[in-house]
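# Architecture and fold: a report
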Amino acid sequence: MSKEKIAITLDTATIAQVRAEVRSRRAPSVSAYISGAVSAQLETDAIARLVEDLRREHGRPSAEARAWARAVRGR
């Protein structure tokens, strides 16, 4: 996968937290941390669009379907 360098602006406190993650070796680099966060948000957005499309096509889940889902998840 090719990469491209960009410039972004973050709050000072946010970048300090990201750098602390890198210093503590919970992230390999600032770029990797931010890239991972962006990838996770893109996945979340894709799932939200899928749910929206399914609701538009099939309607909201019934009370019975929601109860089943809660039971399966153990809630």
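You'll find the structure just up there.
Conventions we followed
- In every chain, residue numbers begin from 1 and rise along the written sequence.
- Residue-level local features of this predicted model are given only where pLDDT is at least 70; pairs of side-chain atoms are given and counted only at 80 or more, and the full residue set underlies all totals for whole chains, interfaces and linings.
- To get the side-chain values, take all heavy atoms of the structure and skip hydrogens and water.
- Numbering of helices and strands runs from the N terminus, with a helix taken as a DSSP run of H or I at least four residues long and a strand as a DSSP run of E at least two residues long.
- A radius of gyration in this sense is built from C-alpha atoms; the matching globule rule multiplies 2.2 Å by the number of residues raised to 0.38.
- Burial classes: relative accessible area under 20% of the type maximum marks a residue as buried, over 50% as exposed, and values in between as partly exposed (1.4 Å probe, protein chains only).
- Neither His nor the chain termini are counted; the positive set is Lys and Arg, and the negative set is Asp and Glu.
- Charged groups are reduced to one reference atom each: NZ for lysine, CZ for arginine, CG for aspartic acid, CD for glutamic acid.
- By definition, a salt bridge exists where a carboxyl oxygen of Asp or Glu is found within 4 Å of a side-chain nitrogen of Lys or Arg.

### Examining the overall build of the protein
Each helix and strand counted, the protein has three helices and zero strands in total. What you see in the protein, going N to C, is helices and strands ordered as α-α-α. The C-alpha radius of gyration computed for the protein amounts to 19 Å, which surpasses the reference 11 Å derived for 75 residues by more than 25%, pointing to a less compact arrangement than a globule. Once the C-alpha set of the protein is aligned to its principal axes, its extents read approximately 50 × 30 × 25 Å. A burial count over the protein gives 4% of its 75 residues as buried. Side-chain charges of the protein comprise 14 positive and 9 negative groups, with the mean position of each set lying 8 Å from the other.

### A look at the pattern of salt bridges
Overall, the coordinates contain three salt bridges when judged by the stated rule. Here Glu 21 ties to Arg 26 by a salt bridge, and the two come within 3.0 Å at their closest N and O atoms. Given a relative accessible area of 59%, Arg 26 falls into the exposed group.

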